[in-house]
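# Structure assessment
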Amino acid sequence: MAQYGFGSPVKGEFGAVVERVTQALKQEGFGVLTTIDVAATLKAKLGQDMPPYLILGACNPGFASQALRAEPDIGLLLPCNVVVRQTEGGEVIVGFMDPEAVLGMVNKPEVTTLGHQVRTALQRVDASLRA
């Protein structure tokens, strides 16, 4: 996984994994504000086929509120993106944007600390999917 994210393969059918991710996020206080179906968009706009690929815009209102109070323009870096994608071979991969890496760009101690807290919560979500 890239330096700006973390994640792993998750066993299961694509739709079932998406549901598990959504529920695991909910357990950590996150809701999914947006769902972008990249595969459907590329098919509709460009006629290109690709395996299922969703971007889930996850937000924890408590963390978001703290971030916005510390840095009003932080909305440019929100929400936390979670990618659920299927490989050509059928494997389902779940990837999480690393909020510690992204929020570290702000260069404010309170935002850096918050990025670490959000990363820890998302790592728990990741671990629960592999359990």
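A brief look at the structure comes next. (Residues numbered from 1 in each chain as written. Predicted model: local features only at pLDDT ≥ 70, side-chain atom pairs only at ≥ 80, totals over all residues. Heavy atoms only, no water.)

## Considering the overall build of the chain
The cut-off we apply is this: Note on conventions: DSSP H or I runs of at least 4 residues are helices, E runs of at least 2 residues are strands, and numbering of each starts at the N terminus. All radius of gyration figures rest on C-alpha atoms, and the globule criterion is 2.2 Å times the number of residues raised to 0.38. The buried label goes to any residue with under 20% of its type's maximum accessible area, the exposed label to any with over 50%, and the partly exposed label to all in between, with areas taken from a 1.4 Å probe on protein chains only.
Helix and strand content of the chain: five helices and five strands. For a compact globule of 131 residues, the expected C-alpha radius of gyration is about 14 Å, and the chain comes in at 15 Å, within 12% of that figure. Over its C-alpha atoms, taken along the principal directions, the chain stretches across nearly 45 × 35 × 25 Å. Here the chain holds 131 residues, and 37% of them are scored as buried.

## Some details on the environment of Val118
Our working rule: It only takes one pair of heavy atoms within 4.5 Å for two residues to be counted as in contact.
Relative to the elements of secondary structure, Val118 occurs in helix H5 (residues 109-130). C-alpha separation for the pair Val118 and Val21, spaced 97 residues apart in sequence, amounts to 16 Å. Sequence-distant contacts of Val118, that is, excluding residues within four places in its chain, are made with Phe30, Phe63, Cys80 and Pro99.

## What to know about the sheet that holds strand E4 (residues 80-86)
Two strands in a sheet stick together by hydrogen bonds in their backbones, pointing the same way (parallel) or opposite ways (antiparallel). Rules: Should DSSP find at least two bridges between two strands, the strands are regarded as paired. Axis geometry follows a simple rule: fit a line to the C-alpha atoms, using only the stretch in contact for helices, then measure angles between N-to-C directions, giving values from 0 to 180 degrees.
One open sheet holds the five strands; their spatial order is E1-E5-E4-E3-E2, and the pairing between them is antiparallel. Lying at the two open borders of the sheet, with one neighbouring strand each, are strand E1 (5-10) and strand E2 (31-37). Mean inter-strand twist for the sheet, computed between neighbouring axes without regard to direction, equals 20 degrees. Two strands pair when backbone bridges link them, and E2 and strand E3 (residues 53-59) are joined in this way by six bridges, in the antiparallel orientation. Residue pairing across strands places Asp37 opposite Leu54, the latter belonging to E3. Against the sheet, helix H2 (residues 38-46) makes contact with E2 and E3, and its axis sits at roughly 30 degrees relative to E2, the strand it touches most.

## What to know about H2
The following threshold applies: Definition of a polar contact: a pair of N or O atoms within 3.5 Å, with one able to donate and the other able to accept a hydrogen when the atoms are protein atoms, and with sequence-neighbouring residues admitted only if both atoms are side-chain atoms.
Measuring from the side-chain oxygen of the N-cap residue of H2 to the backbone nitrogen of Ala39 gives 3.3 Å; that N-cap residue is Asp37. A positive phi of about 70 degrees marks Gly47, the residue just after H2.

## Details of the packing of aromatic side chains
Applicable threshold: Between rings of Phe, Tyr and Trp, where Trp is taken as its six-membered ring, a pair exists when centres lie within 6.5 Å; planes separated by under 30 degrees are stacked, by over 60 edge-to-face, and by other angles tilted.
For the structure shown, the criterion picks out two aromatic pairs. Measuring from centroid to centroid gives 5.5 Å for Phe6 and Phe96, while their planes differ by 15 degrees, and the two rings are stacked. Placement of Phe6 in strand E1 and of Phe96 in strand E5 (residues 92-97) is noted, with a sequence separation of 90 residues between them. Residue class for Phe96 comes out buried when judged on its relative accessible area of 2%.

## A few points about the pattern of salt bridges
Put simply, the rule is: When a carboxyl oxygen of Asp or Glu lies within 4 Å of a side-chain nitrogen of Lys or Arg, that pair is called a salt bridge.
Within this structure, the stated rule accounts for six salt bridges. Residue Arg119 is joined to Asp98 by a salt bridge in which the shortest nitrogen-to-oxygen separation is 2.3 Å. Separated by 21 residues along the polypeptide, Arg119 in helix H5 and Asp98 in the loop between E5 and helix H4 (99-103) bring together distant segments of the chain. In this structure, Arg130 and Asp126 form a salt bridge, with 3.1 Å as the shortest nitrogen-oxygen distance. Taken together, the positions of Arg130 and Asp126, both in helix H5 and four residues apart, correspond to about one turn of that helix. Among the residues examined, Asp126 registers a relative accessible area of 6% and is labelled buried. Each of Asp98, Glu100 and Arg119 takes part in salt bridges that share partners, so that together they form one network.

## Description of the packing of helix H3 (residues 61-70) against H5
The condition that has to hold: To sort the angles, those under 35 degrees are grouped as roughly parallel, those over 145 as roughly antiparallel, those from 65 to 115 as roughly perpendicular, and the leftovers as oblique. Handedness of a helix crossing follows the sense of rotation of the near helix relative to the far helix, less than a right angle counterclockwise being left-handed and clockwise being right-handed. Each residue gets one of three labels, nonpolar for Ala, Val, Leu, Ile, Met, Phe, Trp, Tyr, Cys and Pro, charged for Asp, Glu, Lys and Arg, and polar for the others, Gly among them.
As a packed pair, H3 and H5 sit with axes 10 Å apart at the nearest point and diverge in direction by 165 degrees. Considered as vectors, H3 and H5 are oriented roughly antiparallel to each other. Of the two elements, H3 crosses H5, and the hand of that crossing is left-handed. The residues of H5 that touch H3, namely those facing Phe63, Gln66, Ala67 and Ala70, are Glu110, Val111, Leu114, Gln117, Val118 and Ala121. Tallied by class, the residues present in the contact of H3 with H5 amount to seven nonpolar, two polar and one charged.

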